[in-house]
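This is what each chain is made of:
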Amino acid sequence: HYAPKKKVIIGNITQLLKDYPPYAVGIISLQTPFPSVAPERQLILSAQGDLAEAAQCLFFAFRLMDKLPVQYILTELVPDTGLGRAINDRLRRAAAQ
């Protein structure tokens, strides 16, 4: 289980962006890009919403965010069915660090 060094905050990313300045955050989202944050500070887990693809990309996404000059990693839960449960569990564990 890889735990990122940066603080992980789970929630509605659009709402979270009201509380955290764009220069201080990296974003890991399932499908949605956020125009207020530089594209190089975002990682889309699966443009098609494929949970298997998202699961494969998750730890890469955490490692990438750790290399970026950001303070916080904003992320969202994925649909909580099937493989989504495992992804959400990993996200929650990372946020609890």
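The notes below deal with the structure included here.

Thresholds, definitions, all that
- Residues numbered from 1 in each chain as written.
- Predicted model: local features only at pLDDT ≥ 70, side-chain atom pairs only at ≥ 80, totals over all residues.
- Heavy atoms only, no water.
- Helix = DSSP H or I, 4+ residues; strand = E, 2+ residues; numbered from the N terminus.
- Rg over C-alpha atoms; globule rule 2.2 N^0.38 Å.
- Buried < 20%, exposed > 50% of the residue type's maximum accessible area, 1.4 Å probe, protein only.
- Contact = heavy atoms within 4.5 Å.
- Areas by Shrake-Rupley, 256 points an atom, 1.4 Å probe, with all protein chains shown as cover.
- Pairing = 2+ DSSP bridges.
- Expected span 1.5 Å × (residues − 1).
- Bend = angle between axes of the 7 residues up to and from the residue.
- Polar contact = N/O pair within 3.5 Å; in protein donor to acceptor, adjacent residues only side chain to side chain.
- Axes fitted to C-alpha atoms, helices over the stretch in contact; angles between N-to-C directions.
- Core = buried A, V, L, I, M, F, W, Y, C linked by side-chain atoms within 4.5 Å.

1. Considering the overall build of the chain
Then step 1. Looking only at helices and strands, the chain has three helices and four strands in total.
Then step 2. In the chain, the order of α-helices and β-strands from amino to carboxyl end is β-α-β-β-α-β-α.
Then step 3. Its C-alpha atoms give the chain a radius of gyration of 12 Å, near enough to 13 Å, the size a compact globule of 97 residues would have.
Then step 4. Counting every position in the chain, which comprises 97 residues, the buried fraction comes to 42%.
Then step 5. Of the contacts made within the chain by residues no fewer than 6 positions apart, 58% connect residues no fewer than 24 positions apart.
Then step 6. Accessible surface computed for the chain: about 5300 Å², of which carbon and sulfur atoms make up 54%.

2. Things to note about the pairing of strand β2 (residues 25-29)
Then step 1. Most of β2 is tucked away, with five of its five residues classed as buried.
Then step 2. Two elements, β2 and strand β4 (residues 72-75), share four bridges in a ladder whose sense is parallel. When the bridges of β4 are listed, I27 appears paired with L74.
Then step 3. As paired strands, β2 and strand β3 (residues 42-44) are joined by three bridges and run parallel to one another. From the neighbouring strand, I28 faces β3, where its bridge partner is L43.

3. A look at helix α2 (residues 51-67)
Then step 1. The terminal C-alpha atoms of α2, which comprises 17 residues, lie 24 Å apart, in line with the 24 Å expected from a rise of 1.5 Å per residue.
Then step 2. At C57, α2 shows its maximal bend, which comes to roughly 40°.
Then step 3. Those residues of α2 that fall on the buried side of the exposure criterion are L51, A54, A55, L58, A61, F62, M65 and D66.
Then step 4. Where α2 is buried, its residues contact β1 (7-10), β2, β3, β4 and α3 (83-96).
Then step 5. The backbone nitrogen of A52 has a side-chain oxygen 2.8 Å away, supplied by the residue at the start of α2, namely D50.

4. Focus: the sheet that holds β3
Then step 1. Taken in spatial order, the four strands line up as β1-β4-β2-β3 in an open sheet, and their pairing is parallel. Of all the strands in the sheet, just β1 and β3 have a single pairing partner and so form its edges. This sheet shows a mean twist of 20° between the axes of neighbouring strands, independent of strand direction.
Then step 2. Sheet strands in contact with α3 are β1 and β4, and its direction is about 130° off that of β1.

5. Overview of the nonpolar core
Then step 1. The biggest cluster of nonpolar side chains holds 19 residues, and the ones touching the most others in it are I28, L30, L45, L58, F62, M65 and I87.
Then step 2. Elements that contribute at least two residues to this core include exactly α2 and α3.
Then step 3. At seven residues, the largest contribution of residues to this core is made by α2.
Then step 4. For I87, the contacting residues outside a window of four places in its chain are L51, A54, A55, L58 and V78.
Then step 5. Of all hydrophobic cores here, the second largest spans nine residues; its members include L16, I27, F34 and L74.

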